[in-house]
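Descriptive analysis of the structure
Each chain is listed here by its residues.
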Amino acid sequence: MKTLNKDLLLATKFASKNPSRPTLQTVCITDNKIVATDSYKLIEITNNSYELSELPDHATGQIQTLDKPILINAEEISKRIKFDSKPLLPIMGVQVLCNETEKSVQLNTVGLSGMNTVEFQKVNEQYPDYERIFQSTPPVYQVNVNAEFLIECLQAFKDKNGEYPNGCTLSFQENTNAPVVITGLTKDNSNKKVLIMPLKI
């Protein structure tokens, strides 16, 4: 683990909000991955970190690797960590993990002349073995789609309050050049059908 970036905040959106499941309310940070899940959806991000040579001198001495995963409450991260949407330099706003103890860990924001430190209490729980969920066998069908178009298609299943209370079904054809068809799953949205054409890569 060299540095963290905005992916850390992205991961917080996948953590559970259920206080009866404190382990799933966390973001799990390993030496090369960021993981979060609420047991219905999961995100795993392989960390694209900066090399030491790209960091200011005052930051490189504080970076540490992780011998084992650490868990930090996702809500605390989203409240206390801020990234500049338009930093003067790409390196500004990068988080450096440092000063890990048995009970806490610090995230330092890299600046041009110094570091801004935020300390978090670690959640001392064992994170679920999420990797067993991923299938080791190749997928039967694999379709490439434009992510922006897919989001627009799924927005068709919002209700009048802008929420997503209803499920939908994604149908794939054996012909990978055929469109992916998305239909409403419940009586409230079964009148909707959208499709998205596959990307030709």
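Before reading on, note that the structure itself is shown above.
Computed from a predicted model, the values in this text were never measured in an experiment.

Glancing now at the sheet that holds strand β10 (residues 193-196). With respect to topology, three strands assemble into an open sheet ordered β8-β9-β10, the strand pairing being antiparallel. Sheet topology places β8 (168-171) and β10 at the edges, where each strand pairs with a single neighbour. Each strand axis lies, on average, 20° off the axis of its neighbour in the sheet, ignoring direction. Contacts between helix α4 (residues 147-154) and the sheet are confined to β8, β9 (180-184) and β10, with β10 contributing the most and set at about 180° to the helix.

A word on the environment of Ser 190. Considering the arrangement of structural elements, one finds Ser 190 in the loop between β9 and β10. Through-space distance from the C-alpha of Ser 190 to that of Asn 166 is 9.6 Å; in sequence the pair is 24 residues apart.

Here we come to the environment of Phe 120. Looking at the element boundaries, Phe 120 is found in strand β7 (residues 115-121). Measuring from C-alpha to C-alpha, the distance between Phe 120 and Asn 73 comes to 8.3 Å, with 47 residues separating the pair along the chain. Beyond its immediate stretch of four places on either side in the chain, Phe 120 contacts Ile 72, Glu 76, Ile 77, Arg 80, Ile 81, Lys 103, Ser 104, Val 105 and Leu 107.

Glancing now at the layout of surface pockets. Estimates place the volume of the largest pocket at around 330 Å³. Along the wall of the largest pocket there are 18 residues; nearest its centre are Cys 28, Pro 69, Leu 71, Gln 126 and Tyr 127. Of the residues in the lining of the largest pocket, the class split is eight nonpolar, four polar and six charged. Empty space within the second largest pocket amounts to approximately 150 Å³.

On strand β3 (residues 42-46), burial follows the alternation: Ile 43 and Ile 45 on one face are buried, whereas Leu 42, Glu 44 and Thr 46 on the facing-out side are not. Alignment of strand β2 (residues 33-37) against β3, held across five bridges, turns out to be antiparallel. Each residue of the ladder has a partner; that of Lys 33, found in β3, is Thr 46. Remark: four residues form the turn of the hairpin made by β2 and β3, two consecutive strands paired antiparallel; Ser 39 in that turn has positive phi of roughly 85°.

Moving on to the pattern of salt bridges. One pass over the full model with this rule turns up six salt bridges. Taking the shortest distance from any N to any O, the salt bridge between Lys 33 and Glu 44 comes out at 3.3 Å. You can see Lys 33 sitting in strand β2 and its partner Glu 44 sitting in strand β3, a full 11 residues away along the chain. Between Asp 38 and Lys 41 there is a salt bridge; the shortest N-O distance is 2.7 Å.

Among the nonpolar cores identified, the biggest contains 22 residues, and Leu 8, Val 27, Ile 29 and Phe 120 are the most heavily contacted of them. The residues contacting Leu 8, other than those within four sequence positions of it, are Val 27, Ile 29, Ile 34, Ile 77 and Leu 107. Counting seven residues, the second largest nonpolar core, distinct from the first, contains Cys 153, Val 180, Ile 182 and Ile 196.

Another point: the sheet that holds β3. Spatial ordering of the open sheet is given by β3-β2-β1-β4, a layout of four strands whose pairing is antiparallel. In this open sheet, the two strands that pair with only one neighbour each are β3 and β4 (70-73). Here the average twist between neighbouring strands, direction ignored, is 20°. Two elements, strand β1 (residues 26-29) and β2, share two bridges in a ladder whose sense is antiparallel. Across the sheet, the residue bridging to Ile 29 is Ile 34, located in β2.

Rules of the game
- Residues numbered from 1 in each chain as written.
- Predicted model: local features only at pLDDT ≥ 70, side-chain atom pairs only at ≥ 80, totals over all residues.
- Heavy atoms only, no water.
- Pairing = 2+ DSSP bridges.
- Helix = DSSP H or I, 4+ residues; strand = E, 2+ residues; numbered from the N terminus.
- Axes fitted to C-alpha atoms, helices over the stretch in contact; angles between N-to-C directions.
- Contact = heavy atoms within 4.5 Å.
- 1 Å grid on protein atoms, 1.4 Å probe; cavity = no way out; pocket = protein on both sides within 12 Å on 5 of 7 lines; lining within 4 Å.
- Points joined across faces, edges and corners; volume = space filled by probe spheres on them.
- Nonpolar A, V, L, I, M, F, W, Y, C, P; charged D, E, K, R; others polar.
- Buried < 20%, exposed > 50% of the residue type's maximum accessible area, 1.4 Å probe, protein only.
- Salt bridge = Lys/Arg side-chain N within 4 Å of Asp/Glu carboxyl O.
- Core = buried A, V, L, I, M, F, W, Y, C linked by side-chain atoms within 4.5 Å.

Read these as layout, nothing more, since geometry by itself doesn't imply function.
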